[in-house]
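# Observations on the model geometry
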Amino acid sequence: AVVSTQSTGRIEGLLSAFPKLISADKQHTFIETESVRYVYQPLDKLYIVLVTTKTSNILEDLETLRLFARVIPEYCRTIDEKEISDKVFELIFAFDEIIALGYRENVSLAQIKTFTEMDSHDEKVFQAVRQTQEKKKKKKK
């Protein structure tokens, strides 16, 4: 649900259908429906799910999913709903480095960390400059 050019309602519908489609005895990591392909990976008690078109390259989809799965432990101490909720923005920023405009970027885990840390540093610098400017304005008044 992080990456989508589709409506929120459609994505919510696709994601709510996913648990009904998986079965414990299957060894596959994907499920195809009439309209989409779910590529998924268990991660402790949760699933990482990538919803793609049926025409996408499944090998690339699996590679993308593996990278998502490697990113989560980099930002979360534990793999549970609460920790993921607490770190949701950091995860979204990291996922955004993996997917751009619906297509996978050719990035490594190290590059993702570097890019998100740079963004974080740039934001801190921007905030510091803004605070300094606000203080100067207050002094002039």
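Just above sits the structure.
Structure report, in brief. (Residues numbered from 1 in each chain as written. Predicted model: local features only at pLDDT ≥ 70, side-chain atom pairs only at ≥ 80, totals over all residues. Heavy atoms only, no water.)

## Some thoughts on the overall build of the protein chain
Check the secondary structure of the protein chain and you find 5 helices and 5 strands. Taken across its 141 residues, the protein chain has 26% of its residues classed as buried. Accessible surface computed for the protein chain: about 10300 Å², of which carbon and sulfur atoms make up 54%. (Helix = DSSP H or I, 4+ residues; strand = E, 2+ residues; numbered from the N terminus. Buried < 20%, exposed > 50% of the residue type's maximum accessible area, 1.4 Å probe, protein only. Areas by Shrake-Rupley, 256 points an atom, 1.4 Å probe, with all protein chains shown as cover.)

## Focus: the packing of aromatic side chains
One pass over the full model with this rule turns up 5 aromatic pairs. On the numbers, 5.6 Å between centres and 40° between planes, the contact of phenylalanine 18 with tyrosine 38 is tilted. Here tyrosine 38 lies in strand β2 (residues 37-43) and phenylalanine 18 lies in helix α1 (residues 8-21), a separation of 20 residues in the sequence. Of the two residues, phenylalanine 18 and tyrosine 38, neither departs from the other in class, the shared state being buried. Measuring from centroid to centroid gives 4.5 Å for phenylalanine 68 and phenylalanine 95, while their planes differ by 85°, and the two rings are edge-to-face. Residue phenylalanine 68 is located in helix α2 (residues 58-75), and its partner phenylalanine 95 is located in helix α4 (residues 88-98); the two are separated by 27 residues in the primary sequence. A relative accessible area of 10% places phenylalanine 95 in the buried class. Aromatic ring contacts, followed pair by pair, group Phe18, Tyr38, Tyr40 and Tyr47 into a single cluster. (Phe/Tyr/Trp six-rings, centres within 6.5 Å; stacked < 30°, edge-to-face > 60°.)

## A word on the side chain of glutamate 83
Within the secondary structure, glutamate 83 is located in helix α3 (residues 81-86). Overall, the relative accessible area of 7% leaves glutamate 83 in the buried class. A distance of 3.2 Å separates a polar side-chain atom of glutamate 83 from the backbone nitrogen of arginine 77. If we skip the residues at most four places from it in the chain, glutamate 83 touches Tyr75, Cys76, Arg77 and Thr78. (Polar contact = N/O pair within 3.5 Å; in protein donor to acceptor, adjacent residues only side chain to side chain. Contact = heavy atoms within 4.5 Å.)

## With respect to the packing of α2 against α4
Taken N-terminus to C-terminus, the directions of α2 and α4 make an angle of 150°; their axes are 10 Å apart at the nearest point. By the criterion of interaxial angle, the relationship of α2 to α4 is roughly antiparallel. Two packed elements cross with a definite hand, and for α2 against α4 that hand is right-handed. Every residue of α4 that contacts α2 at Thr64, Leu67, Phe68, Val71, Ile72 and Tyr75 is listed here: Glu90, Leu91, Ala94, Phe95 and Ile98. Looking at the contact of α2 with α4 residue by residue, the class counts come to 9 nonpolar, 1 polar and 1 charged. (Axes fitted to C-alpha atoms, helices over the stretch in contact; angles between N-to-C directions. Parallel < 35°, antiparallel > 145°, perpendicular 65-115°, else oblique. Left-handed = near helix turned anticlockwise from the far one by under 90°. Nonpolar A, V, L, I, M, F, W, Y, C, P; charged D, E, K, R; others polar.)

## Notes on the nonpolar core
Counting residues in hydrophobic clusters, the biggest one holds 22 residues, and the most contacted among them are Val71, Ile72, Ile98 and Ile112. For this core, the secondary-structure elements that each account for two or more residues are β2, β3 (46-52), α2, α4 and α5 (109-140). For this core, the element with the most residues is α2, which contributes 8 residues. Apart from residues no more than four positions distant in its own chain, isoleucine 112 is found in contact with Leu67, Val71, Tyr75, Ala94, Glu97, Ile98 and Val107. (Core = buried A, V, L, I, M, F, W, Y, C linked by side-chain atoms within 4.5 Å.)

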